[in-house]
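# Observations on the model geometry
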Amino acid sequence: MKAIIRPALSGDSAAIAGLATTSFGHAYDPGHIRQVLQSGRNYTLVADCAGTVCGFADCFLTRSSGGQLRLEFDLLAVAASARGVGLGASLVRVCNRMAQSLRVYQARALVRIENAAMQALMTRCGYKQCPRRFGLYVCDDITATGKASAIPVDNLVSVNTLGYRGIWIEGHLTVEMIQAAMARAQANDAHTIGALINETDSPARELLIDNGFSKVGDYQWWTFTPGSDPS
Ligand SMILES: CC(C)(COP(=O)(O)OP(=O)(O)OC[C@H]1O[C@@H](n2cnc3c(N)ncnc32)[C@H](O)[C@@H]1OP(=O)(O)O)[C@@H](O)C(=O)NCCC(=O)NCCS
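Residues numbered from 1 in each chain as written. Predicted model: local features only at pLDDT ≥ 70, side-chain atom pairs only at ≥ 80, totals over all residues.

### Some remarks on the site of the ligand
In the vicinity of the ligand lie 19 residues, with R83, G88, A89, A117 and A120 positioned nearest. Elements with a minimum of two residues in the shell around the ligand: strand 4 (69-78), helix 3 (87-101) and helix 4 (116-124). Partitioning the shell around the ligand into residue classes produces twelve nonpolar, five polar and two charged. (Near = placed C-beta within 6 Å. Helix = DSSP H or I, 4+ residues; strand = E, 2+ residues; numbered from the N terminus. Nonpolar A, V, L, I, M, F, W, Y, C, P; charged D, E, K, R; others polar.)

### Comments concerning helix 2 (residues 30-39)
Among all positions of helix 2, only I33, V36 and L37 are buried. Down the axis of helix 2, the buried side of the element spans an arc of 95°, and every buried residue falls inside it. In helix 2, the exposed positions that point more than 90 degrees away from the buried face belong to G31, Q38 and S39. As for helix 2, its buried residues are in contact with helix 1 (13-24), strand 2 (43-49) and strand 8 (156-160). (Buried ≥ 20, exposed ≤ 12 C-beta atoms within 10 Å, placed from the backbone. Arc of directions from axis to C-beta. Contact = placed C-beta atoms within 7 Å.)

### Observations regarding the domain arrangement of the chain
According to the domain assignment, the chain consists of domain 1 (4-131 + 220-224) and domain 2 (134-218). Between the C-alpha centres of domain 1 and domain 2 there is a distance of 23 Å. Contact with domain 1, which involves 16 residues of that partner, is made by twelve residues of domain 2. Taken together, the elements giving at least two residues each to the side of domain 1 that touches domain 2 come down to helix 1, helix 2, strand 3 (52-63) and strand 4. Residue contributions to the side of domain 1 that touches domain 2 peak at four residues, all from strand 3. Among the residues making up the side of domain 1 that touches domain 2, the classes are represented as eight nonpolar, three polar and five charged. (Domains from an automatic or database assignment.)

### A short note on the pairing of strand 3
Alignment of strand 2 against strand 3, held across seven bridges, turns out to be antiparallel. The residue bridging T44 from the neighbouring strand is D58, located in strand 3. Connecting the antiparallel pair strand 2 and strand 3 is a turn made up of two residues, with A50 showing a positive phi of about 50°. The sheet contact formed by strand 3 and strand 4 spans nine bridges and is antiparallel. Within the sheet, the bridge partner assigned to A57 lies in strand 4 and is L76. Two successive antiparallel strands, strand 3 and strand 4, enclose a turn made up of five residues, where G67 displays a positive phi of approximately 90°. (Pairing = 2+ DSSP bridges.)

### Section: the nonpolar core
Counting 41 residues, the largest nonpolar core has I16, A20, F56, A57, L91 and C95 as the members making the most contacts within it. No other element matches strand 4, which puts six residues into this core. When sequence neighbours within four positions are dropped, the list of residues in contact with I16 reads A8, I33, V46, V53, F56 and L162. If you look at the next biggest cluster of nonpolar residues, it comprises 20 residues, including Y137, I178, A185 and I193. (Core = buried A, V, L, I, M, F, W, Y, C linked by C-beta atoms within 7 Å.)

Now the structure itself:
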């Protein structure tokens, strides 16, 4: 299958939303995707097969609590009819080259532990699997009760993905941090807060559930160091 990998244009929003909706099993809003593409903050690519979008990848920059720049490899999908011929790998490799030119210290992707296709693809494209497993918990019911300023800024990461505008909580979880994330979400018109915890950390799990979070699944980080792609 002949495809060109190119930056996504706002006119691709409906095709990307359709592909994401069928690939991930829940609805993606083309209007939100258009707004993200027009913001120019994300690095979104499409695999264009003779004028039809048959795959896409979306990445954006964040900073670690130590101030290091990361490329978050957030979403990737290839149309079912176009899988298995290398389009996913082509999209990842272009993102790897972007990671290199953006001079990030690391690109990373959070991958569900049961997603064998994505894990094989990550391995093929030079990503390393981090051994620790995390439960991903998400809250879509934002009720602000705290002050965002009470928490170091780097522990709350504001993101605008193709699926949602949200806040990621990083570092040791406390009730103050959840409250600060709620306040930050309200201030930023964000609708989703996500947190990763070690599943053996029962106090953290109880804290999240008591504050309206529910579990999405079990995940591992896969990381790529620019310059290490074997292909
Ligand atoms: C994951 C996904 C993007 C792979 O896309 P793809 O275009 O089929 O992948 P490629 O053809 O480029 O395959 C690249 C490598 O991954 C491996 N791979 C791909 N699909 C695989 C599968 N179902 N099982 C095992 N390995 C697989 C292949 O071994 C291949 O390596 P090779 O070149 O050595 O043969 C695609 O299956 C998809 O869209 N899945 C649904 C959405 C999703 O889960 N996205 C990831 C989470 S954000």
